[in-house]
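Each chain, letter by letter, is given below.
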Amino acid sequence: MKIGIAGKGGVGKTTLAALICWALKDLGLNVLAVDADPDTNLGSALGFLNAGSIIPIIQMKDLIKQRMEVKRDNPGIYKLNPQIDDIPDKFIKEHLGIKLIVMGTVKAGNSGCACPENTFLKRLFHQIVLRENEHIVVDFEAGVEHLGRGTAAKFDHLIIVLEPTGLSLESLRRIYPLAHDIGIKNISVIANRITSDKDINFIRNNIGDLQLLGLIDFSRACIEANQDGNWEALKKDKVYSQVKDAVEKLLNF
Ligand SMILES: Nc1ncnc2c1ncn2[C@@H]1O[C@H](COP(=O)(O)OP(=O)(O)OP(=O)(O)O)[C@@H](O)[C@H]1O
Ligand SMILES: [Mg+2]
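To keep things clear, this report deals only with the structure shown in the data block.

**Digging into the overall build of the protein chain**
Helix and strand counts for the protein chain come out as ten helices and eight strands. A compact globule built from 253 residues would reach a C-alpha radius of gyration of about 18 Å, and the protein chain, at 18 Å, matches this within 12%. For the protein chain, the spread of C-alpha atoms along the principal axes amounts to about 60 × 35 × 30 Å. Sorting the 253 residues of the protein chain into buried and exposed places 44% on the buried side. Pairs at least 24 apart in sequence give 75% of the contacts found in the protein chain among residues at least 6 apart.

What follows is the structure in structure tokens.
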């Protein structure tokens, strides 16, 4: 299954992406985590050592220029179908049985550009989506740019992370039609940072027919994991069992 995680900034995409990866792994499945946020931090949340020093592929300017065959005297001319099939295996790292590739992304301001970086990234996504025998979990950047760029097309499932706020629902209303338009077949919601029945009702009353895959409580453990870097401790927290339930639903969707 190829799963994308989207949503408003700061709703918990990266935290939930990491927990979803662990839950899939605990079910005995192979997992490739893909960090597609410009602010790459999925590696840290997955407990990768020195995660901060992993260079996102999008920043490998020489590699991209070389593969895209960008002409030095005319940078507007480059290959539309670059040779990249060796790239995933070259840059995938592994920690405690979970694989990770840090792609990064072209910054939002350039989202519409037909620059070589965007074309490279899109081809790389297609390449990754074609990988077999692996569940893929992509932590996308906040907002909708990645949907406009088409990097999320061909995914089996998009999970939109919400928190019980009106602003997060505004994001849902922007993300959903775009995700639908680019042909993502299954779209559902996980609501994070729940503190009361009122929060739950707020979410249920505002997501229409969208399937609610999970309700994840607000938990101090998430904040502490983020403070002391001991993300593994989250496995003992209630949020992990709630995410595991959501993943069971996802696999039976
Ligand atoms: N269930 C939760 N309870 C309490 N805090 C949480 C919960 N989930 C996430 N957080 C905290 O909320 C903050 C934002 O989480 P996270 O970085 O996962 O969000 P994000 O959507 O990936 O953000 P960004 O859009 O910046 O990439 C972090 O400090 C994280 O520890
Ligand atoms: Mg994030």
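**What to know about the pairing of strand 8 (residues 211-217)**
Summarising the sheet, strand 7 (residues 186-194) and strand 8 pair through five bridges and their orientation is parallel. Counterpart to Val189 in the pairing with strand 8 is Leu212. For the handedness criterion, the β-α-β arrangement of strand 7, helix 8 (residues 197-204) and strand 8 is classed as right-handed.

**Regarding the site of ligand 1**
Near ligand 1 lie 20 residues; those nearest to it are Gly12, Lys13, Thr14, Thr15 and Cys222. Partitioning the shell around ligand 1 into residue classes produces seven nonpolar, nine polar and four charged.

**Structural notes on the nonpolar core**
One finds Ile5, Ile20, Cys21, Ala33, Val34, Val137 and Ile160 to be the most contacted residues of the largest nonpolar core, which totals 75 residues. Take this core: its biggest share by element is nine residues, from helix 1 (residues 13-26). If we skip the residues at most four places from it in the chain, Ile5 touches Lys13, Leu16, Ala17, Val137, Val138, Asp139, Phe140, Ile159 and Val161.

**Focus on the packing of helix 3 (residues 61-68) against helix 5 (residues 116-129)**
One can describe the packing of helix 3 onto helix 5 by two numbers: an axis separation of 10 Å at closest approach and a directional angle of 80 degrees. Classified by the angle between their axes, helix 3 and helix 5 sit roughly perpendicular to one another. Contacts between helix 3 and helix 5 pair Ile64, Arg67 and Met68 from the former with Pro116, Glu117, Thr119 and Phe120 from the latter. Here the contact of helix 3 with helix 5 is composed, by residue class, of four nonpolar, one polar and two charged.

**A few points about the environment of Tyr176**
Counting through the fold element by element, Tyr176 comes out in helix 7 (residues 166-181). As a C-alpha pair, Tyr176 and Tyr78 span 98 residues in sequence and 33 Å in three-dimensional space. When near neighbours in sequence (up to four residues on either side) are disregarded, Tyr176 contacts Ile160 and Ile187.

**Concerning the packing of helix 1 against helix 10 (residues 238-251)**
Closest axis-to-axis distance for the helix 1/helix 10 pair is 9 Å, and the angle between their directions is 70 degrees. By the angle between their directions, the pair helix 1 and helix 10 is classed as roughly perpendicular. The element helix 1 and its partner helix 10 pack so that their crossing is right-handed. Here Leu16, Leu19, Ile20, Ala23 and Leu24 of helix 1 lie close against helix 10, whose contacting residues are Val239, Tyr240, Val243, Lys244 and Val247. For the contact of helix 1 with helix 10, the residue count by class is nine nonpolar, no polar and one charged.

**Let's talk about the sheet that holds strand 5 (residues 135-140)**
Read from one edge to the other, the open sheet built from eight strands follows the order 3-4-2-5-1-6-7-8, with strand pairing classed as mixed. Lying at the two open borders of the sheet, with one neighbouring strand each, are strand 3 (93-95) and strand 8. On average, adjacent strands in this sheet sit at an angle of 25 degrees to one another, irrespective of strand direction. Pairing analysis gives six bridges linking strand 2 (residues 31-36) to strand 5, with the strands arranged parallel. Looking at the pairing, Asp35 lines up with Asp139 of strand 5. Packed onto the sheet, helix 1 meets strand 1 (2-7), strand 2, strand 4 (98-102), strand 5, strand 6 (157-162), strand 7 and strand 8 and runs at close to 170 degrees relative to strand 5.

**A look at the pairing of strand 6**
Extensive coverage of strand 6 is indicated by the burial of five of its six residues. Where strand 1 and strand 6 come together, five bridges link them in parallel fashion. Opposite Ile5, over in strand 6, you have Ile159 as the bridge partner. Bridging between strand 6 and strand 7 involves six bridges; their strand directions are parallel. In the strand pairing of strand 7, Leu162 is matched with Ala191. The parallel pair strand 6 and strand 7, bridged by helix 7, forms a crossover whose chirality is right-handed.

Rules used throughout
Residues numbered from 1 in each chain as written. Chains lettered and ligands numbered in written order. Predicted model: local features only at pLDDT ≥ 70, side-chain atom pairs only at ≥ 80, totals over all residues. Helix = DSSP H or I, 4+ residues; strand = E, 2+ residues; numbered from the N terminus. Rg over C-alpha atoms; globule rule 2.2 N^0.38 Å. Buried ≥ 20, exposed ≤ 12 C-beta atoms within 10 Å, placed from the backbone. Contact = placed C-beta atoms within 7 Å. Pairing = 2+ DSSP bridges. Right-handed = clockwise from strand over helix to strand, strands pointing away. Near = placed C-beta within 6 Å. Nonpolar A, V, L, I, M, F, W, Y, C, P; charged D, E, K, R; others polar. Core = buried A, V, L, I, M, F, W, Y, C linked by C-beta atoms within 7 Å. Axes fitted to C-alpha atoms, helices over the stretch in contact; angles between N-to-C directions. Parallel < 35°, antiparallel > 145°, perpendicular 65-115°, else oblique. Left-handed = near helix turned anticlockwise from the far one by under 90°.

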